Amino acid sequence: MIVKAKTPSRENLDVWFLNTLNFLQDIIASSVDTITVTLTWMLSLLLNNPGTLQKVQEEINKHVGKGRRVNDYDISKLVYLQAVVKETLRLYPAARLTAPREFSEDCNVAGYHVPKGTWLIVNIWKIQHDPEIWSDPSEFRPERFLSGTQAHVDVRGTNFELMPFGAGRRSCPGFSFSLHMLHIVLATLLQNFDMSSPEDSTIDMTESIGINAKASPP
Ligand code: HEM
């Protein structure tokens with residue numbers, strides 16, 4: 001559709017077409033995999049933690065009920081569900097690393113001299129599993145976001161201990177859409193379905209190797 005609507009002059013077609021194609025490819029690659037991967041981890045975590053699953057369903061029942069479909073306005077009341085989304089993004093950030101950055105000038109970071117031209121890649125996964133920041137970092141504990149010192153920690157790039165979407169000017173432009181989708185899809189699924197794994201077996205949470213944190217194929 002975009003190609004038809006804005007066809008440029010013949011001499012610019014190649015560059016223009018390739019740019020458009022690459023842009024669309026970027027958007028599709030960065031959006032489809034990330035949200036589906038996160039939803040898969042979230043459902044797997046809940047199936048392996050039936051107590052938590054039940055608590056989220058009870059919260060939806062209490063604030064929304066069964067008489068109508070859960071909607072965007074309900075999400076602010078579903079604080080436990082929000083904590084489940086945060087904890088999933090902490091344990092399984094869909095992108096484990098940020099994109100590379102190059103220092104444009106000499107800098108001093110926490111006492112370390114960083115010369116101009118140095119490349120920096122932030123290891124999001126590592127920070128979000130750091131035992132000096134998170135108690136029992138490998139445990140799925142949404143409650144950590146409900147009370148105590150980490151209750152205020154947010155995923156939007158203002159708290160550097162939790163930044164599944166990166167931080168700063170080049171952080172993920174899809175974060176708002178992603179958070180919206182993760183909350184509403186999870187709430188809708190849990191409002192309408194009772195879920196369990198086949199024969200109540202434990203889901204294998206082994207992670208695959210790569211930039212995107214996917215589950216290892218069975
Ligand atoms: C759970 C969902 C998602 C997660 C966890 C996620 C995470 C990230 C992270 C960590 C980065 C690198 C940020 C940095 O380098 O500081 C990024 C970049 C990006 N994301 Fe997402 N993302 C998600 C969904 C999406 C969606 C839905 C879209 C598009 C609709 C999208 C589009 C992009 C683009 C275009 C970039 C590159 C930005 C740039 O380099 O300026 N992402 N994302």
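Quick caveat, the model's predicted, so the values are computed rather than measured.

Caption draft 1: Helix α4 (residues 79–91), seen in detail. Helix length check: α4, at 13 residues, gives a terminal C-alpha distance of 18 Å against a target of 18 Å (1.5 Å per residue), a fit within 8%. For α4, the buried fraction is high: 11 of the 13 residues fall into the buried class. Along α4, the residues that are buried comprise Y80, L81, A83, V84, V85, K86, E87, T88, L89, R90 and L91.

Caption draft 2: View of the site of the ligand. Contacts to the ligand come from 21 residues, most closely from A99, R101, R170, C172 and S178. Here R101 contributes a side-chain N or O atom positioned 2.6 Å from an oxygen atom of the ligand. R170 is positioned such that a nitrogen or oxygen atom in its side chain is 2.6 Å from an oxygen atom of the ligand. For the ligand, the cavity whose grid points lie within 2 Å of the majority of its atoms is the largest pocket. Those elements that place two or more of their residues in the shell around the ligand are α2 (13–48) and α6 (175–192). By residue number, the principal contributor to the shell around the ligand is α2, which donates 5 residues. Taken together, the residues that form the shell around the ligand break down as 10 nonpolar, 9 polar and 2 charged.

Caption draft 3: Focus on α6. With 18 residues, α6 extends 26 Å from end C-alpha to end C-alpha; this agrees with the ideal 26 Å at 1.5 Å per step. Among the residues making up α6, those that are buried are S178, L179, L182, H183, I184, L186, A187, L190 and Q191.

Caption draft 4: Main features of the pattern of salt bridges. All told, the structure shown has 8 salt bridges when counted by the stated rule. R141 is the partner of D136 in a salt bridge, and the nearest nitrogen-oxygen pair spans 2.9 Å. Linked through salt bridges whose partners overlap, the residues forming this network are R68, D74 and K77.

Caption draft 5: Representation of the layout of surface pockets in the model. Space inside the largest pocket adds up to approximately 950 Å³. Lining the largest pocket are 32 residues, and of these S30, A95, S171, C172 and P173 lie nearest its centre. Sorting the residues of the lining of the largest pocket by element identifies α2 and α6 as the ones contributing at least two each. Per-element tally for the lining of the largest pocket: the top contributor is α2, with 9 residues. Here the lining of the largest pocket is built from residues that sort into 18 nonpolar, 10 polar and 4 charged.

Caption draft 6: Summary view of the UniProt feature "binding site: heme" (unreviewed entry) in the protein chain. Those places that UniProt annotates as "binding site: heme" (unreviewed entry) correspond, in this numbering, to C172. Relative to the helices and strands, C172 resides in the loop between α5 (124–128) and α6.

Analysis parameters
- Residues numbered from 1 in each chain as written.
- Predicted model: local features only at pLDDT ≥ 70, side-chain atom pairs only at ≥ 80, totals over all residues.
- Heavy atoms only, no water.
- Helix = DSSP H or I, 4+ residues; strand = E, 2+ residues; numbered from the N terminus.
- Expected span 1.5 Å × (residues − 1).
- Buried < 20%, exposed > 50% of the residue type's maximum accessible area, 1.4 Å probe, protein only.
- Near = heavy atom within 4 Å.
- Polar contact = N/O pair within 3.5 Å; in protein donor to acceptor, adjacent residues only side chain to side chain.
- 1 Å grid on protein atoms, 1.4 Å probe; cavity = no way out; pocket = protein on both sides within 12 Å on 5 of 7 lines; lining within 4 Å.
- Sits in = over half its atoms within 2 Å of the grid points.
- Nonpolar A, V, L, I, M, F, W, Y, C, P; charged D, E, K, R; others polar.
- Salt bridge = Lys/Arg side-chain N within 4 Å of Asp/Glu carboxyl O.
- Points joined across faces, edges and corners; volume = space filled by probe spheres on them.
- UniProt positions renumbered as here; feature names shortened; annotations may be inferred.

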